[in-house]
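Inside the fold
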Amino acid sequence: MTVQELPGAAAYRPTPPPAWRPRTDPAPLLPDPEPHRVLGTGAELDRALMLKLYGELVRGRRFNAQATALTKQGRLAVYPSSTGQEACEVAAALALEERDWLFPSYRDTLAAVARGLDPVQALTLLRGDWHTGYDPREHRIAPLCTPLATQLPHAVGLAHAARLKGDDVVALALVGDGGTSEGDFHEALNFAAVWQAPVVFLVQNNGFAISVPLAKQTAAPSLAHKAVGYGMPGRLVDGNDAPAVHQVLSEAVARARRGGGPTLIEAVTYRMEAHTNADDATRYRGSAEVDAWRDHDPIRLLEGELTARGLLDEDGIRAAAEAAETMAAALRDQMNADPVLDPMDLFAEVYAEQNGQLREQAAQLRAELEAEAR
């Protein structure tokens, strides 16, 4: 006998509880129809901030080029370039206070460097030398790692814990458009909204999840629209407009800090290079598409605006290029030096206390190393 077959069941038609009604008015949560822009609008610009953004963009572009060259020289195992996306990376780093946390994806080495991390440390994981090349607590940067979107629930957990402790901390989590198709993305946004955690999600929509275009991942009007289903605001921004990205991120960080809860931001940008040095992007996109995006290059856009307004001159352009070249030379010299590695480090920092399986494996490796040394 089913529930509906029980005596009196036909007359039992309970009124839906209040929970079925909208929890909040969805209208204020909807993103604008067009991506937010600052460049070309005549908006007032903070000269010091603009020059900082410009210098970091130029340095970031040079960092990407040098890291890509290091893969061809065998000094890096793999490198996922963020060329074309530098505005998102730099703005994310500069929008945070020192006490805040950055949760990067595998492509966000540039964001970590712009936040102050040593370039060599940022590339240590991709070189295969260590679990991660830096102390996350010291730099307030979560470990760079390759699993898609797993950093998002971690960001929510840290932000929620910080709020419970009374710490004035905001977490900013970066993810690509491909990561929005992962279950971790849903779980993170759902928990963040329910808990009203002080966390900001920045989706860098660069057009492709490796070779899969966005249209084959979602039928949503935009990725920013997904925010409404979780009960948080969605913002859409031109990801190659550095001042616009910085402005939107800064507003979301300030909102989270004052207790307003999470925000989902979609930055529309483009991955100019292949997914990694192991990818052949010509198999799934044409050169005409890439060339069209070159006219919307974030460095070109910002440089053109600043020079037109008299905020940047040839000396400033030259100084930024020279600083970037100095960074690249130092990175090249350090990465060309063979590191001294201890194989036993494989078992360090995995757990606070090693479990039995790790101790067994460590003992086996130690015995093999001692046998080879005889």
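Residues numbered from 1 in each chain as written. Predicted model: local features only at pLDDT ≥ 70, side-chain atom pairs only at ≥ 80, totals over all residues. Heavy atoms only, no water.

**Re the environment of proline 233**
Inspection of the secondary structure puts proline 233 in the loop between helix H8 (226-230) and strand E6 (234-238). The exposure class assigned to proline 233 is buried, which follows from its relative accessible area of 13%. In this structure, the C-alpha to C-alpha distance between proline 233 and tyrosine 270, residues 37 residues apart in sequence, is 23 Å. Among all residues touching proline 233, those that are not within four sequence positions of it are Leu29, Ala227, Arg255, Pro262, Thr263 and Leu264. (Helix = DSSP H or I, 4+ residues; strand = E, 2+ residues; numbered from the N terminus. Buried < 20%, exposed > 50% of the residue type's maximum accessible area, 1.4 Å probe, protein only. Contact = heavy atoms within 4.5 Å.)

**Comments concerning the packing of aromatic side chains**
The tally for this structure, following the rule as stated, stands at six aromatic pairs. Their ring planes at 35° and their centres at 6.0 Å tell us that tryptophan 101 and phenylalanine 103 sit as a pair that is tilted. The burial state of tryptophan 101 is the same as that of phenylalanine 103; both residues are buried. Each ring, one from tyrosine 270 and one from tryptophan 293, has its centre 5.1 Å from the other, and the planes form 10°; the classification is stacked. You can see tyrosine 270 sitting in the loop between strand E7 (263-268) and helix H10 (287-294) and its partner tryptophan 293 sitting in helix H10, a full 23 residues away along the chain. A relative accessible area of 3% means that tyrosine 270 is categorised as buried. Taken together, the aromatic side chains of Phe208, Tyr270, Tyr284 and Trp293 make up a single cluster linked through ring pairs. (Phe/Tyr/Trp six-rings, centres within 6.5 Å; stacked < 30°, edge-to-face > 60°.)

**Description of the pattern of salt bridges**
By the definition in use, this model includes 18 salt bridges. Of the charged contacts in the structure, one is a salt bridge between aspartate 238 and arginine 37, with a shortest N-O distance of 3.1 Å. Of this pair, aspartate 238 sits in strand E6 while arginine 37 sits in the segment before helix H1 (47-72), placing them 201 residues apart in sequence. Residues arginine 127 and aspartate 129 are paired through a salt bridge, measuring 3.6 Å at the closest nitrogen-oxygen approach. Residue classification places arginine 127 among the buried positions, given a relative accessible area of 16%. (Salt bridge = Lys/Arg side-chain N within 4 Å of Asp/Glu carboxyl O.)

In short, shape yes, function no, at least from these values alone.
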